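Structure at a glance
This is what each chain is made of:
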Amino acid sequence: MTISIEHAKTITITYILDKLNIQPARENEKEAFYLSPLRQEQTASFHVDKVKNRWCDFGTGEKGDIIDFVQHFLAYTGEDSNIVDALRWIENMSKGISNINPIIPNVPLTGKIQPKLILKSVSQITDIRLVRYLENRGISLDIATVYLKEIIALNTTTDKRILALGLLNENEGYEISNKFFKSSVKGKNISVIRGSNPTSKILHIYEGKMDFLSSLTRLGSKTICNDVIVLNSLSFLEHAKEHINAFGYNTVYSFLDNDDAGKVATKSLEEFLKTMPGIIHKPMNIAYQKYKDVNDWHVANPILRP
């Protein structure tokens, strides 16, 4: 039998976040702030009221109880997200505990964001859980293995190991994700992928690695002749602008999200490129305008190949 709504609401949001290896940027006895698990950001604006066991993402205005959070989280990770799905997910995450009432742990206030993840190993993708994660996102394993690695990272706060897919970034760290988790190891930055044609003056900009790999999967190609930047977070758009300024491109194709943040970023990129004579900007989000991003569109419209 699925856990009841009343029982689910006795489980603390901070407990669930800890199970997801998401640690607070700062906290005290009554509240905690996290980098939002519902989107990518650099300033912790996801607030949890420990006394009321309620959350609010100040970046979007969304808020609610633990069930609301899980529904939002499941939707963000591409899973079914009705209330029954949320209750089943909470039950699976909280097995072995019962009637956990909201508590106020004795945790000192911390004003600094400390690095929590340590890279333990980098290898070729073999774990079946990661393979299935790729399948659920519609990504060809043959293509993914060209760009992604199987990463094991250690959360130094919880002493838990995290298995994830990782894309190398310009910090020589990895942007990592699995079905339930998204973060970075050794610092967050853009990922620059050089095209097979060194004389090409064309650049493609993607918001996330799954968007880039979705495009390659649809093309049925392991390589792309033009350069690619994966932002890994919209907050790194300025880094991409610096790269554009340095490499003399004449055409920039952008594949950003169709949410409000993606639209603002597309407009910002458009205004920047207008200041650079000789560069044409071609926003491609109109091609998937009914969907949040490239991967959502790709999953909803699978390719049928003989």
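Above this text sits the structure in question.
Let us look at the structure shown here. The structure presented is a predicted model; accordingly, all values stated were derived computationally and were not measured.

1. Here's the deal with the overall build of the chain
Scanning the chain for helices and strands turns up ten helices and 15 strands. Along the first, second and third principal axes, the C-alpha set of the chain runs to 60 × 45 × 40 Å. By residue count, 47% of the 306 residues in the chain fall in the buried class. For the chain, long-range pairs separated by at least 24 residues make up 61% of all intrachain contacts whose partners lie at least 6 apart in sequence. For the chain, the exposed area adds up to about 15600 Å²; of that, 52% sits on carbon and sulfur atoms. With 37 positive and 35 negative side-chain charges, the chain shows a spacing of 2 Å between the two charge centroids.

2. Considerations on the sheet that holds strand E4 (residues 54-57)
Spatial strand order, E1-E2-E3-E4-E5: five strands in an open sheet with antiparallel pairing. A strand with exactly one partner marks an edge of an open sheet, and here the two such strands are strand E1 (26-27) and strand E5 (62-64).

3. With respect to helix H4 (residues 83-93)
Taken together, the buried positions of H4 are Asp85, Ala86, Leu87, Trp89, Ile90 and Met93. Summarising the contacts, the buried residues of H4 are in contact with helix H1 (5-8), helix H2 (13-19) and helix H3 (66-76). A side-chain oxygen of the first residue of H4 lies 3.0 Å from the backbone nitrogen of Val84; this N-cap is Asn82.

4. Points about the sheet that holds strand E12 (residues 202-206)
Sheets are built from strands that pair by backbone hydrogen bonding, the pairs being arranged parallel or antiparallel. Read across the sheet, five strands follow the order E11-E13-E12-E14-E15 without closing on themselves; strand pairing throughout is mixed. Across the chains shown, the open sheet's two edge strands, defined by having one partner strand only, are strand E11 (191-193) and strand E15 (280-283). Strand-to-strand twist of the sheet, defined as the mean angle between neighbouring strand axes without regard to direction, takes the value 20°. Examined bridge by bridge, E11 and strand E13 (residues 227-230) share three bridges and lie antiparallel to one another.

5. Description of the pattern of salt bridges
Scanning all chains against the criterion turns up twelve salt bridges. We note a salt bridge from Arg129 to Asp127, for which the minimum N-O separation is 2.9 Å. Here Asp127 falls in the buried class, since its relative accessible area comes to 17%. The partner of Lys292 in a salt bridge is Asp293, and the shortest N-O contact between them spans 3.8 Å. On the accessibility criterion, Lys292 (35% relative accessible area) is partly exposed.

6. Here we look at the nonpolar core
Of all hydrophobic cores here, the largest spans 26 residues; its most connected members are Ile125, Leu134, Tyr147, Leu148, Leu165 and Phe212. When contributions to this core are tallied by element, the ones reaching two or more residues are helix H5 (128-136), helix H6 (141-147), strand E8 (160-168), helix H7 (209-219), E13 and strand E14 (251-255). Residues Tyr34, Val48, Ala86 and Met93 belong to the second largest nonpolar core, which totals 25 residues.

7. Quick look at the packing of H3 against H4
Angle between the axes and distance between the axes: these two values describe a pair of packed helices. Where H3 contacts H4, the axes come no closer than 9 Å and their chain directions differ by 100°. As far as their axial angle goes, H4 and H3 are roughly perpendicular. Counted together, Ile66, Ile67, Val70, Gln71, Phe73 and Leu74 of H3 and Ile83, Asp85, Ala86, Leu87, Trp89 and Ile90 of H4 form the full contact between these two elements. Of the residues that constitute the contact of H3 with H4, the class distribution is ten nonpolar, one polar and one charged.

8. Some details on the packing of aromatic side chains
Taken as a whole and judged by the stated rule, the model has twelve aromatic pairs. The ring of Phe33 carries the charged tip of Arg26 above its face, separated from the ring centre by 4.3 Å. One Lys or Arg, Arg218, reaches over the ring of Trp297 and ends 4.3 Å from the middle of that ring.

9. Considering H5
By the burial criterion, the buried members of H5 are Leu130, Val131, Tyr133 and Leu134. Here the buried residues of H5 occupy an arc of 160° about the axis, which is enough to place them on one side. Away from its buried face, by an angle of more than 90 degrees, H5 presents the exposed residues Arg129, Arg132 and Glu135. Residues of H5 that are buried sit in contact with H6, strand E7 (148-155), E8, strand E9 (174-177) and H7. A side-chain oxygen of the first residue of H5 lies 2.8 Å from the backbone nitrogen of Arg129; this N-cap is Asp127. Of the residues flanking the end of H5, it is Gly138, one or two places downstream, whose phi is positive at about 75°.

10. Points about the packing of helix H8 (residues 237-247) against helix H9 (residues 260-274)
Between H8 and H9, whose axes approach to 11 Å, the crossing angle comes to 25°. Regarding the angle of H8 to H9, the classification is roughly parallel. Seen along the crossing, H8 lies across H9 with a hand that is right-handed. Counted together, Leu237, Lys241 and Ile244 of H8 and Ala265, Ser268, Leu269, Phe272 and Leu273 of H9 form the full contact between these two elements. Residues of the contact of H8 with H9, tallied by class, amount to six nonpolar, one polar and one charged.

Cut-off values and rules
Residues numbered from 1 in each chain as written. Predicted model: local features only at pLDDT ≥ 70, side-chain atom pairs only at ≥ 80, totals over all residues. Heavy atoms only, no water. Helix = DSSP H or I, 4+ residues; strand = E, 2+ residues; numbered from the N terminus. Buried < 20%, exposed > 50% of the residue type's maximum accessible area, 1.4 Å probe, protein only. Contact = heavy atoms within 4.5 Å. Areas by Shrake-Rupley, 256 points an atom, 1.4 Å probe, with all protein chains shown as cover. Lys, Arg positive; Asp, Glu negative; His and termini not counted. Charge placed at Lys NZ, Arg CZ, Asp CG, Glu CD. Pairing = 2+ DSSP bridges. Polar contact = N/O pair within 3.5 Å; in protein donor to acceptor, adjacent residues only side chain to side chain. Axes fitted to C-alpha atoms, helices over the stretch in contact; angles between N-to-C directions. Salt bridge = Lys/Arg side-chain N within 4 Å of Asp/Glu carboxyl O. Core = buried A, V, L, I, M, F, W, Y, C linked by side-chain atoms within 4.5 Å. Parallel < 35°, antiparallel > 145°, perpendicular 65-115°, else oblique. Nonpolar A, V, L, I, M, F, W, Y, C, P; charged D, E, K, R; others polar. Phe/Tyr/Trp six-rings, centres within 6.5 Å; stacked < 30°, edge-to-face > 60°. Lys NZ or Arg CZ within 6 Å of the ring centre and 35° of its normal. Arc of directions from axis to C-beta. Left-handed = near helix turned anticlockwise from the far one by under 90°.

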